[in-house]
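An overview of the molecular structure
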Amino acid sequence: MRSIHGKNAMVTGAASGIGRAIALALADCGANVYLVDIDGRGLTDVAWQVRQRGGGVLVDQCDLALAGDVSRTADSLLRSWGTLDILVNNAGIAYYGPTERMTAAQWDRLLAVNLLAPVHLTRLLLPALLDRPESHLLNVCSIAGLVAGGRLAAYHASKFGLVGFSESLRVEYGGRGLGVTALCPGLVETNIFRAAMN
């Protein structure tokens, strides 16, 4: 993508951490930003900062663990903008502790937010992305999607899955002009592990 100015971008997990930083960087480059997060107060703060930078902004408080909320969010974006140039699947949650102690509900919520929501959002918004020249999909995957350690089995499973999803989309759609990036940062000081289930 040669220029971000004037492009429409959705960022999930935009209320804090990496998502917040990406949203503000997009605004600094002149993009309109559609902010998605479960944290309404954090969204309000980031939206204010985007406006201070002169960027267009819309806010959507959404629980990405709920497929219905994900569908509603995608529909809302398309009703508001009609198009999308950049999709950033950043939202994520963690569980740290012995795998045998994880409940089914903890497994389900983590996989829903970290893997199923990005897949669902991408599927719903892919036609809009493919309809735009130089569109881009950024999946924030983590180094935990490349290298595994103990007590993070569910998190690793979700991030390895997201890396594979990204690679397959790059192969399938790269020739049609869709850029796909799997971002795999190392440890970053954000709220994800402070708020982790354990």
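Residues numbered from 1 in each chain as written. Predicted model: local features only at pLDDT ≥ 70, side-chain atom pairs only at ≥ 80, totals over all residues. Heavy atoms only, no water.

1. Overview of the packing of helix α1 (residues 17–28) against helix α2 (residues 40–52)
- As a packed pair, α1 and α2 sit with axes 9 Å apart at the nearest point and diverge in direction by 20 degrees. As judged from the angle between their axes, α1 and α2 are roughly parallel. For the element pair α1 and α2, the recorded crossing hand is right-handed. From α1, R20, A23, L24 and A27 reach across to α2, where they touch V46, Q49 and V50. (Axes fitted to C-alpha atoms, helices over the stretch in contact; angles between N-to-C directions. Helix = DSSP H or I, 4+ residues; strand = E, 2+ residues; numbered from the N terminus. Parallel < 35°, antiparallel > 145°, perpendicular 65-115°, else oblique. Left-handed = near helix turned anticlockwise from the far one by under 90°. Contact = heavy atoms within 4.5 Å.)

2. Considering the side chain of N89
- Tracing the chain through its elements places N89 in strand β4 (residues 86–89).
- In this structure N89 comes out as buried when scored by relative accessible area, which is 2%.
- A distance of 3.1 Å separates a polar atom in the side chain of N89 from a polar atom in the side chain of T122.
- A polar atom in the side chain of N89 sits 2.9 Å from the side chain of N139.
- Among all residues touching N89, those that are not within four sequence positions of it are T12, P118, L121, T122, L137, L138, N139 and V140. (Buried < 20%, exposed > 50% of the residue type's maximum accessible area, 1.4 Å probe, protein only. Polar contact = N/O pair within 3.5 Å; in protein donor to acceptor, adjacent residues only side chain to side chain.)

3. Focus on a nonpolar patch on the surface
- A cluster of nonpolar side chains, namely I143, L146 and V147, defines an oily patch on the protein surface of about 270 Å² accessible area.
- Topologically, L146 is positioned in the loop between β5 (136–140) and α5 (153–173). (Patch = residues over 30% accessible without salt bridge, like charges linked within 9 Å, V, L, I, M, F, W, Y side chains within 5 Å. Areas by Shrake-Rupley, 256 points an atom, 1.4 Å probe, with all protein chains shown as cover. Salt bridge = Lys/Arg side-chain N within 4 Å of Asp/Glu carboxyl O.)

4. Some points on α1
- Counted at 1.5 Å a residue, the expected span for α1 with its 12 residues is 16 Å, and the 17 Å between its end C-alpha atoms agrees.
- Here α1 has its buried residues at G19, I22, A23, L24, L26 and A27.
- If you follow the buried residues of α1, they end up packed against β1 (8–12), β2 (32–37), α2, β4 and β5.
- Phi turns positive, to about 90 degrees, at G30, one or two residues after α1. (Expected span 1.5 Å × (residues − 1).)

5. A few points about the environment of G54
- Counting through the fold element by element, G54 comes out in the loop between α2 and β3 (57–61).
- Its relative accessible area of 66% is what places G54 among the exposed residues.

6. Describing the side chain of S166
- Residue placement: S166 occurs in helix α5.
- Here S166 falls in the buried class, since its relative accessible area comes to 0%.
- Side-chain polar atoms of S166 contact the side chain of N139, separated by 2.9 Å.
- Not counting the four nearest positions on each side in its chain, S166 is found in contact with N139, C141, V180 and A182.

7. Observations concerning the pairing of β3
- Here β2 pairs with β3 via 5 bridges, running parallel. Across the sheet, the residue bridging to Y34 is L58, located in β3.
- Running through α2, the crossover from β2 to the neighbouring parallel element β3 is right-handed. (Pairing = 2+ DSSP bridges. Right-handed = clockwise from strand over helix to strand, strands pointing away.)

8. Quick word on the sheet that holds strand β6 (residues 179–183)
- Strand order across the open sheet formed by 6 strands is β3-β2-β1-β4-β5-β6, with parallel pairing between neighbours. Edge positions in the open sheet fall to β3 and β6, since each of these has one partner strand only. The average undirected angle you get between the axes of adjacent strands in this sheet is 10 degrees.
- As paired strands, β4 and β5 are joined by 4 bridges and run parallel to one another. Bridging across to β5, N89 finds its partner in N139.

9. Section: the pattern of salt bridges
- Per the stated rule, a full pass over the model turns up 5 salt bridges.
- The partner of R72 in a salt bridge is D60, and the shortest N-O contact between them spans 3.0 Å. Pair noted here: R72 is in helix α3 (residues 67–81) and D60 is in strand β3, with a separation of 12 residues, a long-range link.
- Judged by relative accessible area, which is 35%, R72 ranks as partly exposed.

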